[in-house]
Amino acid sequence: MAKKLVIKVTAGADAPERCSQAFTVAAVAVASGVEVSLWLTGESSWFALPGRAAEFDLPHAAPLPDLIDSILAAGRITLCTQCAARREITEDDVLKGIRIAGAQVFVQEAMSDETQALVY
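Here the structure is a predicted model, which means the values were calculated and not measured. (Residues numbered from 1 in each chain as written. Predicted model: local features only at pLDDT ≥ 70, side-chain atom pairs only at ≥ 80, totals over all residues. Heavy atoms only, no water.)

Observations concerning the overall build of the protein chain
And step 1. Within the protein chain, the secondary structure is distributed over 4 helices and 5 strands.
And step 2. Starting at the N terminus and ending at the C terminus, the protein chain contains elements arranged as β-α-β-α-β-α-β-α-β.
And step 3. The C-alpha radius of gyration computed for the protein chain amounts to 13 Å, which stays within 12% of the reference 14 Å derived for 120 residues, consistent with globular compactness.
And step 4. Each of the three principal axes of the protein chain carries a C-alpha extent, and together these read 35 × 35 × 25 Å.
And step 5. Here the protein chain holds 120 residues, and 42% of them are scored as buried. (Helix = DSSP H or I, 4+ residues; strand = E, 2+ residues; numbered from the N terminus. Rg over C-alpha atoms; globule rule 2.2 N^0.38 Å. Buried < 20%, exposed > 50% of the residue type's maximum accessible area, 1.4 Å probe, protein only.)

Things to note about the pattern of salt bridges
And step 1. Tallying each qualifying case throughout the model produces 4 salt bridges.
And step 2. In this structure, the salt-bridge partner of Arg 87 is Glu 43, at a minimum N-O distance of 3.3 Å. You can see Arg 87 sitting in the loop between α3 (81-86) and β4 (98-101) and its partner Glu 43 sitting in the loop between β2 (35-40) and α2 (64-74), a full 44 residues away along the chain.
And step 3. The closest approach of N and O atoms between Glu 109 and Arg 76, which form a salt bridge, is 3.0 Å. Note that Glu 109 is positioned in helix α4 (residues 103-110) and Arg 76 in strand β3 (residues 76-80), a separation of 33 residues in sequence.
And step 4. Given a relative accessible area of 12%, Glu 109 falls into the buried group.
And step 5. Among the charged side chains, a salt-bridge network with shared partners connects Arg 76, Arg 99 and Glu 109. (Salt bridge = Lys/Arg side-chain N within 4 Å of Asp/Glu carboxyl O.)

Quick notes on the nonpolar core
And step 1. In this structure, Phe 23, Leu 38, Leu 40, Phe 47, Leu 64 and Leu 79 are the most contacted members of the largest nonpolar core, which totals 34 residues.
And step 2. Every element with two or more residues in this core is listed here: β1 (4-9), α1 (16-31), β2, α2, β3 and β4.
And step 3. Counting residues per element, this core draws most heavily on α1, at 7 residues.
And step 4. If you look at the next biggest cluster of nonpolar residues, it comprises 5 residues, including Val 6, Trp 39, Ala 101 and Phe 106. (Core = buried A, V, L, I, M, F, W, Y, C linked by side-chain atoms within 4.5 Å.)

Here we look at the side chain of Thr 41
And step 1. By the element assignment, Thr 41 lies in the loop between β2 and α2.
And step 2. With residues up to four places along the chain from it excluded, the contact list for Thr 41 reads Lys 8, Val 9, Thr 10, Cys 80 and Cys 83. (Contact = heavy atoms within 4.5 Å.)

Considering the packing of α1 against α2
And step 1. It is at 9 Å that the axes of α1 and α2 come closest, and there the two elements cross at 40°. With respect to their mutual orientation, α1 and α2 come out oblique. Judged by the sense of rotation from one axis to the other, the crossing of α1 with α2 is left-handed. Residues Phe 23, Thr 24, Ala 26, Ala 27 and Val 30 of α1 form the contact with α2, whose participating residues are Leu 64, Leu 67, Ile 68, Ser 70, Ile 71 and Ala 74.
And step 2. Within the contact of α1 with α2, the residues separate by chemical class into 9 nonpolar, 2 polar and no charged. (Axes fitted to C-alpha atoms, helices over the stretch in contact; angles between N-to-C directions. Parallel < 35°, antiparallel > 145°, perpendicular 65-115°, else oblique. Left-handed = near helix turned anticlockwise from the far one by under 90°. Nonpolar A, V, L, I, M, F, W, Y, C, P; charged D, E, K, R; others polar.)

Okay, structure coming up:
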């Protein structure tokens, strides 16, 4: 069984079920003791900003701010460098604990030993 989980979420409010699934799987994995790295790309990039997750609503789904808090408590959330730049998001803009990094870091994480990568 993989000891690390790298999840890339590409969907945001444009595909709410897929988006929620990614955050839910990441939060459950963290709660299960798995080392988790969640990557925000595409439309999910907006959730790196304060207040944006609170605007997300999906019936019968855990609130996105709660999922983000639980992931940050014991895991890592990274905003894609190019996605941030296209949206004019800087490190000064993002929630505390979220870093900005690029594809090279994603590949390094995804290819490390005993790691499973998922894309939503």
